[in-house]
Amino acid sequence: RHTRYWRDWSSDVCSSDLEGLSQNRDGAQRSVLRLLTAAPRDFEATLKFTIHGGSQWRSIGFSFDVTTADPTQPEGPQDSEQNVYASAYAQGPKVQAAWHRGGAWQFPGEGASQRPIELEKPHVLKLQVRNQLINATLDGNLAVAYRTPLERKDAAFQIITFDCLATLHDVSLA
């Protein structure tokens, strides 16, 4: 078993068990599926998913360099995190790179790209991270090329949703 869940993800699972895993909690809250083993410092991660709905934001993606020990608790003043997600927000679907230090989230304009993200259609989000360089593709098309201002940390890797009803079809991390 390699992952731990919070909120309404299915229980303690192996990566081979992730196919068809559904997140069923609606509303402005975050759900996390955390890798319990160390992730590679530089990595390529792929997530195949379908967004079924959500109240507003409909976001799903990856978090990395997550220093918060327990993702069900608020971030502390020493915590930081980076993430890249796809959002099927009706007023502007996009792929976004974001980060926080001490709980103050930043959503830089240069880390965002408007992209069509349809509900009930499978999508593939691919994330490549090398040092502070972040590249993200959606459905095979480059969406974000961003240099994060945060120093990289050896910390947790997670699949995340925010206000999103979604099904995971496949996940890879190398």
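Preceding this section is the structure that the text describes.
The shown structure was predicted, so the numbers you read here are calculated from the model rather than taken from an experiment.

The rules behind these values
- Residues numbered from 1 in each chain as written.
- Predicted model: local features only at pLDDT ≥ 70, side-chain atom pairs only at ≥ 80, totals over all residues.
- Heavy atoms only, no water.
- Helix = DSSP H or I, 4+ residues; strand = E, 2+ residues; numbered from the N terminus.
- Buried < 20%, exposed > 50% of the residue type's maximum accessible area, 1.4 Å probe, protein only.
- Areas by Shrake-Rupley, 256 points an atom, 1.4 Å probe, with all protein chains shown as cover.
- Pairing = 2+ DSSP bridges.
- Axes fitted to C-alpha atoms, helices over the stretch in contact; angles between N-to-C directions.
- Polar contact = N/O pair within 3.5 Å; in protein donor to acceptor, adjacent residues only side chain to side chain.
- Contact = heavy atoms within 4.5 Å.
- Phe/Tyr/Trp six-rings, centres within 6.5 Å; stacked < 30°, edge-to-face > 60°.
- Salt bridge = Lys/Arg side-chain N within 4 Å of Asp/Glu carboxyl O.
- Core = buried A, V, L, I, M, F, W, Y, C linked by side-chain atoms within 4.5 Å.

(A) Spotlight on the overall build of the protein chain. Counting its secondary structure elements, the protein chain contains 0 helices and 14 strands. Taken from N to C terminus, the helices and strands of the protein chain fall in the order β-β-β-β-β-β-β-β-β-β-β-β-β-β. Across the 174 residues of the protein chain, 47% fall into the buried class. Just so you have it, the protein chain exposes about 8200 Å², and 47% of that area is on carbon and sulfur atoms.

(B) Broad picture of the sheet that holds strand E12 (residues 141-147). Spatially, the 6 strands line up as an open sheet ordered E2-E14-E4-E10-E11-E12, and their pairing is antiparallel. Strands at the two margins of the open sheet, each flanked by one partner only, are strand E2 (21-23) and E12. Across the sheet, the axes of successive neighbouring strands diverge by a mean angle of 25°, strand direction being ignored. Note: strand E10 (residues 122-130) against strand E11 (residues 133-138), 6 bridges, orientation antiparallel. Opposite Lys126, over in E11, you have Thr137 as the bridge partner.

(C) Expanded view of the side chain of Ser80. Position of Ser80 among the secondary structure elements: in strand E6 (residues 80-87). Separated by 3.4 Å, the side chains of Ser80 and Lys153 make a polar contact. When residues no more than four places from it in sequence are discounted, the contact partners of Ser80 are Asp65, Val66, Thr67, His100, Arg101, Leu150 and Lys153.

(D) Main features of the packing of aromatic side chains. For the structure shown, the criterion picks out 5 aromatic pairs. Taking 5.4 Å as the distance between ring centres and 75° as the angle between the ring planes, the aromatic pair formed by Phe43 and Phe64 counts as edge-to-face. Residue Phe43 is found in strand E4 (residues 43-53), and its partner Phe64 is found in strand E5 (residues 59-66); the two are separated by 21 residues along the sequence. For Phe64, a relative accessible area of 1% translates into the label buried. Aromatic pair Trp105 and Phe107: ring centres 6.1 Å apart, planes at 25°, arrangement stacked.

(E) View of the pattern of salt bridges. This model, assessed by the stated rule, comprises 5 salt bridges. For the salt bridge of Asp154 with Arg41, the shortest nitrogen-to-oxygen distance reads 3.0 Å. With Asp154 in the loop between E12 and strand E13 (156-162) and Arg41 in the loop between strand E3 (30-35) and E4, the pair connects residues that are 113 residues apart, well separated along the chain. Since its relative accessible area comes to 39%, Arg41 is described here as partly exposed.

(F) Region of interest: the pairing of E6. The buried fraction of E6 amounts to 8 of the 8 residues, a majority that puts the element mostly inside the structure. Judged by which residues are buried, E6 turns out to be covered on both faces: Ser80, Gln82, Val84 and Ala86 on one side and Glu81, Asn83, Tyr85 and Ser87 on the other are all buried. Pairing geometry for E5 and E6, over 6 bridges, is antiparallel. Following the sheet pairing, Phe62 is matched in E6 by Val84.

(G) Spotlight on the side chain of Ser31. Tracing the chain through its elements places Ser31 in strand E3. At 3.3 Å, the side chain of Ser31 and the side chain of Gln23 are in polar contact.

(H) Main features of the nonpolar core. Ranked by internal contacts, the top residues of the largest apolar core, which has 34 residues, are Leu47, Phe49, Ile60, Phe62, Val95, Leu127 and Leu168. Residue contacts for Phe49: discarding those within four places in its chain leaves Ile60, Ala86, Lys121, Pro122, His123, Val124, Leu125, Leu138, Thr167 and His169.

(I) Focus on the pairing of strand E7 (residues 94-101). Across the 8 residues that make up E7, a large majority, 6, are buried. Here 3 bridges tie E7 to strand E9 (residues 112-114), and the two strands are oriented antiparallel to one another. Bridge assignment links Gln96 to a residue of E9, and that residue is Ala112. Two elements, E7 and strand E8 (residues 104-106), share 3 bridges in a ladder whose sense is antiparallel. Looking at the pairing, Trp99 lines up with Gln106 of E8. In this structure, the hairpin formed by E7 and E8 is closed by a connection of 2 residues, where Gly102 is found at a positive phi of approximately 60°.

By themselves, these are just geometric observations and shouldn't be taken as functional.
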